[in-house]
Structure formats: C-alpha cells, structure tokens
Amino acid sequence: MKIVIGADHGGFALKEDLKAIMLEQGIEVIDVGNNSYDAKDDYPDFASAVARKIAGGEGDKGIVICGSGIGACIAVNKFRGVRGCVCHDTYSARQGVEHDGMNVLCLGGRIIGIETAKELLKAYLGAQFSNEERHARRLRKVEEFEKAV
Ligand code: RB5
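Now for a quick tour of the structure. Here, residues in each chain are numbered from 1, in the same order as that chain's written sequence. Totals for whole chains, interfaces and linings use all residues, but because this is a predicted model, local features are given only for residues with pLDDT of at least 70 and pairs of side-chain atoms are given and counted only at 80 or more. Here the side-chain values reflect all heavy atoms present in the structure, with hydrogen atoms and water set aside.

1. As for the site of the ligand
How we decide: Here, proximity means that at least one heavy atom of the residue falls within 4 Å of the molecule or strand. Polar contact is the term for a pair of N or O atoms within 3.5 Å; when the atoms are in protein, one must be able to donate a hydrogen and the other to accept it, and sequence-neighboring residues count only if both atoms are side-chain atoms. Method for areas: the Shrake-Rupley scheme with a 1.4 Å probe, in which residue coverage is limited to the protein chains shown. Residues are grouped as follows: nonpolar covers Ala, Val, Leu, Ile, Met, Phe, Trp, Tyr, Cys and Pro; charged covers Asp, Glu, Lys and Arg; every other residue, Gly included, is treated as polar.
Taken together, D8, H9, Y43, C66, G67, S68, G71 and R110 are the residues near the ligand. One of the side-chain N or O atoms of D8 is found 2.6 Å from an oxygen atom in the ligand. Here an oxygen atom of the ligand and a backbone polar atom of G67 are 2.8 Å apart. Relative to its unbound accessible area of 290 Å², the ligand is 71% covered by the protein chains. Taken together, the residues that form the shell around the ligand break down as 2 nonpolar, 4 polar and 2 charged.

Structure below.
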C-alpha cells in the first residue's frame with residue numbers, strides 16, 4: 001500500500017508522527033511536505049500535492065492534515081476523482097472508504113491527539129471500498145457531478 005501524506009503547519013507534527021508509524025509498519029509513504037515546520041505555509045499547497053498524486057494514481061490513499069482538517073478537505077475535493085472527508089471518529093474513517101470511496105482522510109492537527117489519530121489511521125488503512133452494487137451505484141451518481149462542472 002502506498003500512502004500520500006501532506007500537512008501545513010497546523011498538521012505538521014501529527015504528519016511526522018503518522019508517517020513514522022506507517023514506515024514502522026512497512027507501508028510505503030510519499031510525503032509531499034511540508035518538510036519542516038513553517039508557521040507561514042499554506043494548506044492548499046500540500047492539499048493539492050496530495051490530491052494530484054491520488055488523482056494521478058500515484059498513491060492508493062491520501063492523508064492531509066491542517067489545523068482543523070477543513071481547509072485541506074475543501075481543497076482536495078476540487079480535484080476530479082478525489083474524495084476527501086474530515087473524519088475524527090473511526091466509524092466514519094472506515095465507512096467513508098467502504099461505502100463512499102473516500103480516498104483522502106483529512107485530519108485536524110489541532111483537534112485530535114496522536115492516540116485518536118492512530119485509531120483513525122488503522123480504521124482508514126484497513127478499509128476497502130465494498131464494491132456492493134448499491135455503493136457502486138451511489139458513487140457513480142456522485143462521479144456524474146464531476147462531468148457536469
Ligand atoms: C492554519 O493556521 C489553519 O488555518 C489551517 O491549518 C487550517 O486549519 C485550515 O482549515
């Protein structure tokens with residue numbers, strides 16, 4: 001599994017921690033930055049870098065972290081084929097993938113701590129799209145919206 005991760009200053013510390021955990025588990029990680037803490041950096045730069053790689057098939061799943069998760073989530077969803085959601089509970093982190101094809105997990109580094117983040121990571125990485133007919137049908141309907149704009 002190849003995971004693309006990025007964060008601004010609001011999520012930098014949590015990104016470093018989650019990246020270390022994934023590397024320890026033998027998961028391939030593409031870190032699109034920021035590469036050091038910069039209080040003046042902007043979340044769209046890292047959200048777009050994650051989104052481009054997911055849209056281009058360079059990673060299986062993405063993770064983007066800003067202060068709240070919200071700005072990063074808004075930004076990644078501007079990219080065709082990218083479905084990002086803020087999930088701060090494990091039910092959503094798993095079901096978002098299984099039912100809705102979520103492919104970018106958006107987290108708020110100022111909202112959750114490392115233990116919650118670890119649980120979310122486990123739920124998200126362990127989930128796969130169900131491919132059940134009703135889920136596939138609903139996802140196709142959502143994908144139609146992208147063709148319309
Ligand atoms: C940056 O200070 C903060 O606004 C950003 O990380 C994020 O929370 C936006 O949604």
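2. Let's talk about the packing of aromatic side chains
Our working rule: Side-chain rings of Phe, Tyr and Trp, where Trp is taken by its six-membered ring, are said to pair if the distance between their centres is within 6.5 Å; with planes under 30 degrees apart they count as stacked, over 60 as edge-to-face, and otherwise as tilted. Helix numbers and strand numbers start at the N terminus; a helix is a DSSP run of H or I with at least 4 residues, a strand a run of E with at least 2. A ring has a charge above it when a Lys NZ or an Arg CZ is no more than 6 Å from the ring centre and no more than 35 degrees off the ring normal.
All chains considered together, the criterion is met by 1 aromatic pair. A centroid spacing of 6.5 Å and a plane angle of 65° characterise the contact between F12 and Y37, whose relative ring orientation is edge-to-face. You can see F12 sitting in helix α1 (residues 12-24) and its partner Y37 sitting in the loop between β2 (28-31) and α2 (43-55), a full 25 residues away along the chain. The lysine or arginine in question, K61, covers the ring of Y124, its NZ or CZ lying 5.1 Å from the ring centre.

Interpretation in functional terms is not warranted from these geometric data alone.
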